[in-house]
Amino acid sequence: DPEMAKVLAFRTLRLPPKLRVIRLERSEAVMYGPGTVFFDGHAFFPGRGPTVVTCGYLVEYFVKRGREVFDVFQIKPVPQALIDILDFQPIVETYEEQFLPGGFGSAILEALSDAGATTRVIRYGLPERAIIENGTRDQLLESAWNLSSI
């Protein structure tokens with residue numbers, strides 16, 4: 001909704017000076033309903049495993065497919081509560097719409113490693129190459145990851 005985007009932008013500009021990112025999605029917003037559990041810096045959507053850790057557009061993608069999802073809206077520092085929860089998961093999959101080196105999945109992996117966790121982390125991100133395909137967001141992600149098989 002353009003009016004809500006305008007209100008959000010003006011509110012953000014009135015905050016104390018620091019790095020800000022406003023991400024406006026073109027799809028439906030993730031709806032935090034009665035089944036959503038909130039923690040410091042992330043939200044949890046119950047579903048089937050393995051556990052998915054992601055943010056932004058991909059939260060909606062996996063929630064709609066019935067996956068167990070942690071929506072991490074505070075990426076750095078990785079919230080300690082999230083680290084503690086993920087430490088009990090046998091496998092965690094991270095998904096990001098960026099290149100893998102130094103990205104979101106790396107931050108999760110480093111935080112778990114620093115905490116001494118033995119959780120297996122599988123990172124999914126875009127291949128580190130020029131991506132020149134055209135299409136919808138879902139088509140581009142499908143071409144990069146073969147999401148329909150996940």
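A quick note: this is a predicted structure, and the numbers were derived from the prediction, not measured. (Residues numbered from 1 in each chain as written. Predicted model: local features only at pLDDT ≥ 70, side-chain atom pairs only at ≥ 80, totals over all residues. Heavy atoms only, no water.)

*Asks:* Honestly, the side chain of Thr94 in this entry has me stumped. Any pointers?
*Replies:* With respect to the helices and strands, the residue Thr94 is situated in strand β5 (residues 91-99). A relative accessible area of 0% means that Thr94 is categorised as buried. Apart from residues no more than four positions distant in its own chain, Thr94 is found in contact with Val53, Phe104, Gly105, Ile108, Val121, Ile122, Arg123 and Tyr124. (Helix = DSSP H or I, 4+ residues; strand = E, 2+ residues; numbered from the N terminus. Buried < 20%, exposed > 50% of the residue type's maximum accessible area, 1.4 Å probe, protein only. Contact = heavy atoms within 4.5 Å.)

*Asks:* Help me understand the sheet that holds strand β4 (residues 67-72), please; the structure alone is not making it clear to me.
*Replies:* Within a sheet, adjacent strands bond to each other through the backbone by hydrogen bonds, running parallel or antiparallel. The strand order across the open sheet built from six strands is β1-β2-β4-β3-β5-β6, with neighbouring strands paired in mixed fashion. Taken across any chain shown, the strands that pair with only one partner, and hence form the sheet edges, are β1 (37-39) and β6 (120-126). Between one strand axis and the next, the sheet turns through 20° on average, direction left out of account. Pairing of strand β3 (residues 48-54) with β5, which is carried by three bridges, proceeds in the parallel orientation. Bridge pairing in β5 places Thr51 opposite Val92. Contacting β3, β4, β5 and β6, helix α4 (residues 104-114) runs over the sheet at an angle of about 145° to β5. (Pairing = 2+ DSSP bridges. Axes fitted to C-alpha atoms, helices over the stretch in contact; angles between N-to-C directions.)

*Asks:* What's the story with α4 in this structure? I'm lost.
*Replies:* For the α-helix, the turn length of 3.6 residues means that residues three or four positions removed from each other point alike. Every buried residue of α4 is listed here: Phe104, Gly105, Ser106, Ala107, Ile108, Ala111 and Leu112. In this structure, the buried side of α4 is in contact with β3, β4, α3 (80-86), β5 and β6. Gly116 lies just past α4 and shows a positive phi near 80°.

*Asks:* Looking at this structure, I do not really get unusual backbone geometry. What am I missing?
*Replies:* A negative phi holds for most residues other than glycine; trans holds for most peptide bonds. Residues Gly49 and Pro50 are joined by a peptide bond in cis, for which omega reads -5°. Along the chain, the position of Pro50 falls in strand β3.

*Asks:* What is the right way to look at the pairing of β4 in this model?
*Replies:* Where a strand is regular, its side chains alternate between the two sheet faces. Across the six residues of β4, six count as buried, placing the element largely inside the fold. Alternating positions in β4 separate into two faces, Arg67, Val69 and Asp71 on one and Glu68, Phe70 and Val72 on the other, with burial throughout. Strand direction decides the pairing type here: strand β2 (residues 42-45) and β4, joined by four bridges, are antiparallel. Directly across from Phe45, in β4, lies its bridge partner Val69. Looking at chain direction, β3 and β4 are connected through four bridges and run parallel. Each bridged residue has a counterpart across the sheet, and for Val53 the counterpart in β4 is Phe70.

Purely geometric stuff here, so don't read any function into it on its own.
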